[in-house]
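Listed below are the residues making up each chain.
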Amino acid sequence: MAFSLDTELSDLKVSELLKEVSVDYTKTKRLEDAVAVIRDVLLSLPEEQVKPTAAAAFIKDIGAPGDKLDFKFRKPDSVEIIGSYTLKAAAKPFLNIDLAVRIPKACFHEKDFLNHRYHAKRCLYLVVIKKHLSSCSVVKNIGWSTFQDDARKPILIIHPEMDNDTANDFVIRIIPTVLAGVFDISKLAPGRNNVRDFQQGGMAQPTPDYNASILEDMFIEDHSAFLKNSLSGSKNFVEALLLLKVWARQRNSINGPDCLNGFIISIILAYLTTEGGGKRITGQMTGFQAFRVVIDFIAISSTLEKGIFMQPQSVGNVSLELKRRLLQFFEVVICDSVTYLNLAFRMTKSGLVELVDEAARTLRYMNKCKDKGFEEVFMTRIDFPAKFDYHARIIPVGKDHMKPPNICMDKEHSRVYEKQVELLLSKGLGDRARLVRVLHRSIPANWHIDEGLECLGKVPLLVGILISDFEKAFRMIDVGPSADNKIESAKFRSFWGEKSELRRFKDGIIAETAVWECEHWEKHLIIKKIMEYTLRRHLSLSSQDISIVGDQLDFTLLQGGKDPIASTPTLLDALDVLSKCLRGVEDLPLRISSVQPLDSAFRHTSVFPPMPHPLATDKEKRQYSDILVPTCIQTLEVMIQLEGSGKWPIGEIAIEKTKSAFCLKIAESMQKRWGILYVAAEDAVDLQMAGFAFRLRILYEKDKSLIKKQGLFGVLPVGNLQNTNCVLLEKDLLLRSQHSSMLNGLQGLHPVYGPTVRLAKRWICSHMFSGSLADEAVELLVAHLFVRPFPFSAPCSRVTGFLRFLRLVAYHDWALSPLVVDVNGDLTMKEEGQIMAQFIARRKDSRGESGANNTGPAMYIATPYDWESESWTSFSPDNLSLKRLIAYARSSAELLTRLVGGEVLEGWKSLFRTPLQCYDALILLHRDKLAYPSQILFNADIKQGSLPVTTQEASMDFFPYLSPLVIRKGFQEARNHLLVGFDPVKYFLHDLKTDMPKVFNIWHDAFGSEVIGLTWNKEAPFLKDAAQKRKRKEPDPTNFDVRNILEEVANVGTGLVKTVHLLKSPKYN
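Residues numbered from 1 in each chain as written. Predicted model: local features only at pLDDT ≥ 70, side-chain atom pairs only at ≥ 80, totals over all residues. Heavy atoms only, no water.

Q: Which parts of the structure should I look at to understand the packing of aromatic side chains?
A: Describing an aromatic ring pair means giving the distance of the ring centres and the angle of the ring planes. Scanning the model with the defined rule gives 35 aromatic pairs in all. Ring geometry for Tyr271 versus Phe297: centroids 6.1 Å apart, planes at 55 degrees, classification tilted. Pair noted here: Tyr271 is in helix α9 (residues 262–271) and Phe297 is in helix α10 (residues 287–299), with a separation of 26 residues, a long-range link. By the burial criterion, Tyr271 is buried, and Phe297 matches it. When the ring of Phe288 is compared with that of Phe378, the centres are 6.4 Å apart and the planes differ by 65 degrees; the resulting orientation is edge-to-face. Separated by 90 residues along the polypeptide, Phe288 in helix α10 and Phe378 in helix α14 (residues 374–379) bring together distant segments of the chain. Here Phe288 and Phe378 have matching classes, each one buried. (Phe/Tyr/Trp six-rings, centres within 6.5 Å; stacked < 30°, edge-to-face > 60°. Helix = DSSP H or I, 4+ residues; strand = E, 2+ residues; numbered from the N terminus. Buried < 20%, exposed > 50% of the residue type's maximum accessible area, 1.4 Å probe, protein only.)

So, in structure tokens, the structure goes:
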């Protein structure tokens, strides 16, 4: 039943998609009339003599001999519509009508297939056509482009003069063709040389791509007729073709001449309907079924690697020798049935690998995802920035390879250069990368034939890297051949240069190596270092020519130029010692049965995990008088469980007192036996050892039931301004224990998970959403990207993971869809259906009859331990905060996409700089009164508004670092000044919420920002009273002085608050 429903829903969605992308051909009559006018103009063109000076720059750049290019222009032999329009398979939004303009044989000499003479005359023919069409009544404007991004084969693009919406979306492409008999086909065989200057060592080299580019024009009309005969007879075939086009366009790195385009898609589909293709597709199949067959065919990599030979069975099989020769000259072969022209001569090996990978992944999520993966297959865009793990932008400006006569030989030299970059990086990265992809460059928009082809050399190369696995990708040593292998060792040294060195390993082997030394927290930069070194060494590029995305966001996570994550191994070692000590405590009524870390630092997701504090230990172990010693030390929560007992008290207060007594007894025992120091907090005990402060909390099995009795299940984020029960709800240790247990293993499977979460949390806080979204909620959002990455593979770099996080927040339909995060695959399809049903029910309940959406989580995140999203997002973010968060995420995602894609080069810091003008008032704090001022990203830049409402002096009672005077008094005296778990900003915010509830919404950065934003709460009592007075036409409420409120804010934070600025007065309506 569930499968049937899933099929029906997917079929309905596919049907709606087809309606959206299909063209209504009943509304294209005016377009066809315009095409008819253009055809008439072309078929009546007068004869004229054509000189090569009409396209001098283009002819010079392709290296054609100018003395053999004069010819008499004659009108076309025919002008016919070819391509997808004839199949009624044009797919929105990119619509075009291809007009095949057949150049008469009389315009050519029998040897014009040599030395780009054909390409030069083809271009000159178009120059004449453009001159005459420019004055045509149905032509709005006319410009230049290229056919399949082949710089040697320009075409004309016509925007017709239309007033019909459907027809107005079309452009008309003028594509020159020639009759099959114009040139001797045998002279254009792949092994022949037809560019005489293309030599190596004095020997002429084959020009298979050059030859194929001419054959393509000779048989393009035949191929169009073949497609029309094969596909136009079935509506289902056309629907399959439309679906395939949508699928390819959503994957922009495979949708290009070097991989897949509409023509190749059509050819594969048509091939599978023929006897040669095994008639895998029949007319009885639906369009979606045929689509799946094509994807399955592509996903079998061996099929395309062996080549496709569309030979009718009546003709006989293609000889093995011919197959071998074609595969020798081309990386991918799709051969037609008569001429043996390779229709895929532009497709590259890397393009094929990526295509096969995409097809295989598409099949997987069609099987795994709901509605047969409709959203993942057709609706989600897989673009270059979000797909690849590492991205490079290379500018080959000013290099000799783009100077004539070297621009075009067998291929345009820009393609040769792309291949050279790909091969170099593939060799340099080796098994670290499973795919190195250099994207096919296109002629710049608005290109004109008079500019020639040198401009193509100025277009940056974009390179995408997909890494294989972390162990291989981030190793520090590449081991080469043994020193005994002289030939291979010489090749290794030649490639790596000064990076190559001989090393003796423990097993006695001496081998060549390339070493990439770095700190452990810098290992993610090894890929970048290898790419930079390889490109600079072998292509003589400068650092300004190479831009590799890898460490641009690291500045947000560093302290003192170092990532504090480097201290995590020390922290985990200390936790292991602590766990053993706790389990060894014997003088307790109940033994400790389990120890579980709860703090995010233990699961690698803390933005700033604590570094060992020199005073948080039982004795002075090192000299610290020459360093800045922080006054505050973070606490790390550790949950312990005791043996079961029926002697616990019943009341909640009594239970809490008993737990406190246990904690004190444990601490005393730890100090007595192991010398571990402790400090008693209000509701816990902090143990200090190995430079860290561990806060012990005891889980009692009945804690959860006690909280449920009060109707409070979820744990709310600390500092949430709309709720007053945070202290109580934080005690639900069982929930946090389940969350921690669920995510602990994720870091081991996906080492990029932790850095991605840290960037996400840093971004959330930098835009002052610390009080709106719990840390645990951020961890679940990022976990979803790794557990269900479809249609991508799991991210393997922090920048890519962060971009996908921003897009998830920005574009997930939070109003209509829950986000189910199932890390360990605990939920069945039935249970996920029940979660969806509960979500729908809650959404209906929250709207009520009046349509007001006042209850229920705005951001619904369901997990196996919390189906109803009550744990982390039950109260926050509310609808207002979520809308604000989505707006920020969209803006940041768009900017990051442009940065990674190389569209803009500056602006990385802008991702984390929040606009202060978006707030009604700002509180500026004294920087030297913050607990961790080193975590501040940017200085406060308050330009809006007038002078501050109030200014206060800084307190002299607290400083973030211990004074040298205290340090000199000795270790114990310095320890007495250590503040465990203290953060003045946290207490200020708590007091502000308590003293001035519902007056405003508070926005802050939990990681050391010196600015706090305020927005007026519409529910504030004085605003409601003012609105009522206005309705009764009583005296203008704007006379109410809000300055008194802001002065009171400053008084609450006396000694911490520096200034308070009013930017916008409250609105009273």
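Don't stop here, the text continues.
Q: Just checking my understanding: could you explain the sheet that holds strand β28 (residues 950–951) for this structure?
A: Strand pairing in a sheet takes place through backbone hydrogen bonds and is either antiparallel or parallel in direction. Here we have five strands laid out as an open sheet, ordered β28-β32-β27-β31-β30, and antiparallel in their pairing. Each edge of the open sheet is held by one strand with a lone partner, namely β28 and β30 (1000–1003). Sitting on the sheet, helix α34 (residues 1043–1052) touches β27 (921–925), β28, β30, β31 (1011–1016) and β32 (1057–1062), and the angle it makes with β32 is about 160 degrees. (Pairing = 2+ DSSP bridges. Contact = heavy atoms within 4.5 Å. Axes fitted to C-alpha atoms, helices over the stretch in contact; angles between N-to-C directions.)

Q: Even after reading the chapter, I still don't get the pairing of strand β5 (residues 139–147), so can you show me in this structure?
A: Across a regular strand the side chains alternate sides, sitting on one face of the sheet and then on the other. Bridge count between β5 and strand β6 (residues 150–160): eight bridges; the pairing is antiparallel. For Thr146, the partnering residue across the bridge sits in β6 and is Pro154. Here β5 folds back onto β6 in antiparallel fashion, the turn holding two residues, of which Gln148 has a positive phi close to 55 degrees.

Q: What is the right way to look at the sheet that holds strand β15 (residues 477–482) in this model?
A: Taking strand neighbours across the sheet as the criterion, the three strands line up as β15-β17-β16 in an open arrangement whose pairing is antiparallel. The sheet is open, and its two edges are formed by β15 and β16 (500–504), each paired on a single side. Pairwise comparison of adjacent strand axes, ignoring direction, gives a mean angle of 40 degrees for this sheet.

Q: Would you mind going over the nonpolar core with me for this structure?
A: The nonpolar side chains of a soluble globular protein tend to be buried with one another. Counting residues in each nonpolar core, the largest one holds 247 residues, and the members touching the most others are Phe378 and Phe805. Sequence-distant contacts of Phe805, that is, excluding residues within four places in its chain, are made with Ala760, Trp763, Ile764, Val778, Leu781, Val782 and Leu785. (Core = buried A, V, L, I, M, F, W, Y, C linked by side-chain atoms within 4.5 Å.)

Q: Help me out: how do you make sense of the pattern of salt bridges in this one?
A: Any two side chains of opposite charge can pair if their charged atoms end up close together. Enumeration over the complete set of coordinates arrives at 53 salt bridges. For the salt bridge of Arg346 with Glu216, the shortest nitrogen-to-oxygen distance reads 2.9 Å. Of this pair, Arg346 sits in the loop between β11 (334–335) and α13 (349–368) while Glu216 sits in helix α7 (residues 208–231), placing them 130 residues apart in sequence. Since its relative accessible area comes to 14%, Arg346 is described here as buried. Among the salt bridges present, the one from Arg432 reaches Asp478, with a minimum N-O distance of 2.8 Å. Placement of Arg432 in the loop between α16 (413–429) and β13 (433–438) and of Asp478 in strand β15 is noted, with a sequence separation of 46 residues between them. Each of the two residues, Arg432 as well as Asp478, counts as buried. One continuous salt-bridge network, built from bridges that share partners, spans Arg251, Asp258, Glu354, Asp357, Glu358, Arg361, Lys387, Arg434 and Arg437. (Salt bridge = Lys/Arg side-chain N within 4 Å of Asp/Glu carboxyl O.)

Structural measurements only, silent on function.
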